[in-house]
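Descriptive analysis of the structure
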Amino acid sequence: MCGIIGYIGTKLVKDILLDGLTRLEYRGYDSAGIAVLTPSGVEITRTVGKVSALKEAATQAADGHAGIGHTRWATHGGVTVPNAHPHRCGRVTLVHNGIIENFALLRERLARSGRFPLSETDTEIAAMLIDSLYDGDPAGAILGAARMIEGAFALVVLFEDRPERLYAIRRGSPLVALSNEDGAYVASDVTALLDHGRDYFVPPEDVLLVARREGIQLTDQAGNAVRPQMLRADWDYTAAQKAGYPHYMLKEIFEQPQALTRTILPRVREGIIQLEETAPVDDALKGARQLFIVACGTAMHAGLAAKTLMENMLRLPVEVDIASEFRYRDPIADAGTPVVLVSQSGETADTVAALRLARLKGAPVVAVVNVKGSTIARESDAVIYTHAGPEIAVASTKAFTVQLAALYMLTLHMARLRGALDQDRLREHAQALLTAPQLIQEALDRESQVREVADAVHRATDMFYIGRGLDVAMAQEGSLKLKEICYLHSEAYGAGELKHGTISLIEPGVPTFALATQREVYPKTLSNMREVRARGGTVIPIVTDGWEVEPGSYDYLLRVPGEGGVLAVFPLAAILQLLAYHCAVYRGLPVDQPRNLAKSVTVE
Ligand code: G6P
């Protein structure tokens, strides 16, 4: 979703902005722009489409030592140059990430004083508002505007008559900042800044950030200095590059064994899983009478898999909720119902809102998060960090499998706290989990078989995934991957449910993937698969190694390494990811940046 970059310092700004925007491309966007403060005023260049188009358009543009840049993912108003950021009004030029919810009201108010926007955006209203309050005091104008704005925003502002400063403020939307001997930088995420430093901070909400070439100052609404909490990016930009892979997605799929090892290994102590980070909520986890898992997209699918696992092992009811539903349905959450939030970015707007609601209701909150220092990590009572490293491709892959591992570890940790499993069983599970990286590696080694199947089915317009037990969650994730990057209609079902409607959609040539990695139910899934085949559908069982599949009952067969059960989620995830990836490549689609999607959905 929208990406922001800003710089002020001794270096020329144009390339810093354009390089920063290139690194933010992965967030998803449909137009881009920069504003450079030059001796003759602010010069703005904006284009629709990719940053490469902006680079071309900006070749003749003037350079300077202060500027702001933006990649826009359209919310208010279509994908047009006038709607692209930066927006200027009078002496104020700014970029914005977020949604100004009361923008219509503010627009009306501004119209009464004879001010009318040129674009359809809420952002231009922010620029107009700040300009209307500006009487030579930038801090007063920005803080005044922030008090009037409802919604989420990260704003970075240039004042034409204050060329030596860059201002920023945020509420709800992400922003990070750092300074070095060359100047001061702000960006939507640290990926854009890694060439300039590793030690960064997240400006607290509603605090004014003033950047000068000498450094950055933070002040609260009352004018008091605020000291930021410093964070360190423990990976460098090479970790966020393709390293010879044709796409980030493929690289990230292949990084899963290492990501899993990094996530699991430090948490195995004395042969069992021990999560020190949940100490603040351990009492609540021990006494919980119910658990909520709340997330969006792929992270929610990790939650669905965890529900099966947790209910099974802990005999504790677990409700999995889409964050956008949880936040508006007045959930029955309280001190006895811990809420587990799952998020790669830690910034998804609906998940953040769910977190705040859960806390308001007095529910203890545990977050499973990948991005250090993100909003969800900061505001939760306890954080279990996954160590996937930077995930750049929009379609989540390695973040998913480490979420599965983290939730498995949380389950084992709770089993220990609640006495649900004895020491021997806890040891067995820890040992089993340690084999997950190897299992996923074995699945990755089967890439060529998966590619052959992708080759055979990629022209289809509809695809179905079925499974039972843990395989239902995995079917949903496999289906989502396909929708995201192949632009294919796809649905996932509990295999037993297919007969209650969806089977009418099966026609000759429509592929159905039957996931069968759960021993107790696998024969049933395969018989549902045969029902599909009897109606002319193309069937592809994806079955654990060694388990019998009747010859002649399928069109193509894929095998999952291992012995099935809980651990099968890891190799199965890799196979489903590779399947979607190769279908997208065969279809000639932009795998890493699928249309209309954003990596981190920071608006409702
Ligand atoms: C977007 C991304 C998905 C992701 C979801 C939740 O839709 O495209 O890949 O699963 O947001 O994101 P989060 O960062 O909260 O895990």
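Residues numbered from 1 in each chain as written. Predicted model: local features only at pLDDT ≥ 70, side-chain atom pairs only at ≥ 80, totals over all residues. Heavy atoms only, no water.

1. Some details on the overall build of the protein chain
- Scanning the protein chain from terminus to terminus reveals 19 helices and 26 strands.
- Computed over C-alpha atoms, the radius of gyration of the protein chain comes to 25 Å, within 12% of the 25 Å expected from 2.2 N^0.38 for 604 residues, which places it in the range of a compact globule.
- Dimensions of the protein chain, computed from the C-alpha atoms along their principal axes, are close to 80 × 50 × 45 Å.
- Looking at the protein chain as a whole, 61% of its 604 residues are labelled buried.
- If you sum the accessible surface of the protein chain, you get close to 22200 Å²; carbon and sulfur atoms cover 49% of it.
- Of the charged side chains in the protein chain, 61 are positive and 72 negative, and the gap between their average positions amounts to 1 Å. (Helix = DSSP H or I, 4+ residues; strand = E, 2+ residues; numbered from the N terminus. Rg over C-alpha atoms; globule rule 2.2 N^0.38 Å. Buried < 20%, exposed > 50% of the residue type's maximum accessible area, 1.4 Å probe, protein only. Areas by Shrake-Rupley, 256 points an atom, 1.4 Å probe, with all protein chains shown as cover. Lys, Arg positive; Asp, Glu negative; His and termini not counted. Charge placed at Lys NZ, Arg CZ, Asp CG, Glu CD.)

2. Quick word on the state of the cysteines
- Within this structure, the stated rule accounts for zero disulfides.
- Left without a disulfide partner, Cys486 is nearest to the cysteine sulfur of Cys583, which lies 4.9 Å away.
- Relative accessible area serves as the criterion here: at 0%, Cys486 is assigned to the buried category. (Disulfide = S-S within 2.5 Å.)

3. Here we look at the packing of helix 17 (residues 470-486) against helix 19 (residues 569-586)
- With their axes 9 Å apart at the nearest point, helix 17 and helix 19 run at an angle of 20 degrees to one another. Overall, the two elements helix 17 and helix 19 adopt an arrangement that is roughly parallel. The two elements helix 17 and helix 19 meet at a crossing, and its hand is right-handed. Side by side, helix 17 and helix 19 meet where Leu470, Asp471, Met474, Gly478, Lys481, Leu482, Ile485 and Cys486 of the first sit next to Val569, Leu572, Ala573, Leu576, Gln577, Ala580, Tyr581, Cys583 and Ala584 of the second.
- Taken together, the residues that form the contact of helix 17 with helix 19 break down as 13 nonpolar, two polar and two charged. (Axes fitted to C-alpha atoms, helices over the stretch in contact; angles between N-to-C directions. Parallel < 35°, antiparallel > 145°, perpendicular 65-115°, else oblique. Left-handed = near helix turned anticlockwise from the far one by under 90°. Contact = heavy atoms within 4.5 Å. Nonpolar A, V, L, I, M, F, W, Y, C, P; charged D, E, K, R; others polar.)

4. Observations concerning the site of the ligand
- Not every one of the 14 residues close to the ligand is listed here, only the nearest: Ser343, Gln344, Ser345, Thr348 and Ala598.
- In the model, an oxygen atom of the ligand is placed 2.6 Å from a nitrogen or oxygen of the Ser343 side chain.
- Ser345 places a polar side-chain atom, nitrogen or oxygen, 2.6 Å from an oxygen atom of the ligand.
- With three residues, the top contributor of residues to the shell around the ligand is helix 9 (residues 297-314).
- When grouped by side-chain class, the residues that make up the shell around the ligand number five nonpolar, seven polar and two charged. (Near = heavy atom within 4 Å. Polar contact = N/O pair within 3.5 Å; in protein donor to acceptor, adjacent residues only side chain to side chain.)

5. Describing the side chain of His76
- One can find His76 in the loop between strand 4 (66-72) and strand 5 (87-89).
- At 3.5 Å, the side chain of His76 forms a polar contact with the side chain of Asp122.
- When sequence neighbours within four positions are dropped, the list of residues in contact with His76 reads Ile99, Ile100, Phe103, Glu120, Thr121 and Asp122.

6. With respect to the pairing of strand 8 (residues 166-171)
- For strand 8, a buried count of six out of six residues is recorded, marking the element as mostly surrounded by other parts of the structure.
- Bridge count for strand 7 (residues 151-159) against strand 8 is four bridges, and the pairing is antiparallel. Looking at strand 8, one finds that Val156 is bridged to Ala168.
- Between strand 7 and strand 8, which pair antiparallel in sequence order, lie six residues.
- Strand direction decides the pairing type here: strand 8 and strand 12 (residues 208-212), joined by three bridges, are antiparallel. Residue pairing across strands places Tyr167 opposite Val210, the latter belonging to strand 12. (Pairing = 2+ DSSP bridges.)

7. What about the environment of Leu209?
- Along the chain, Leu209 falls in strand 12.
- For Leu209, a relative accessible area of 1% corresponds to the buried category.
- For the pair Leu209 and Val226, spaced 17 residues apart in sequence, the C-alpha to C-alpha distance is 9.6 Å.
- Once you skip the residues sitting within four places of it in the chain, Leu209 turns out to touch Leu166, Tyr167, Ala168, Ala177, Val186, Phe201, Pro203, Ile216, Gln217 and Leu218.

8. Overview of the pattern of salt bridges
- Taken as a whole and assessed by the stated rule, the structure comprises 30 salt bridges.
- Put simply, Glu255 and Lys251 hold a salt bridge, and the shortest N to O gap is 3.0 Å.
- Look at Lys251 and you get buried, because its relative accessible area is 5%.
- Linking Lys361 and Asp330 is a salt bridge whose minimum nitrogen-to-oxygen distance equals 2.8 Å. Separated by 31 residues along the polypeptide, Lys361 in the loop between helix 11 (349-360) and strand 20 (365-369) and Asp330 in the loop between helix 10 (323-326) and strand 19 (339-343) bring together distant segments of the chain.
- Asp330 sits in the exposed class, given a relative accessible area of 56%.
- Linked by salt bridges that have partners in common, Glu205, Arg356 and Glu379 make up one network. (Salt bridge = Lys/Arg side-chain N within 4 Å of Asp/Glu carboxyl O.)

9. Side note on the packing of aromatic side chains
- All told, the structure shown has seven aromatic pairs when counted by the stated rule.
- Clustering of aromatic rings is evident, with ring pairs tying together Tyr134, Phe159 and Tyr167.
- Positioned above the aromatic ring of Tyr248, the side-chain terminus of Lys242 is 5.5 Å from the ring centre.
- Its end group placed over the ring of Tyr487, Arg595 keeps NZ or CZ at 3.8 Å from the ring centre. (Phe/Tyr/Trp six-rings, centres within 6.5 Å; stacked < 30°, edge-to-face > 60°. Lys NZ or Arg CZ within 6 Å of the ring centre and 35° of its normal.)

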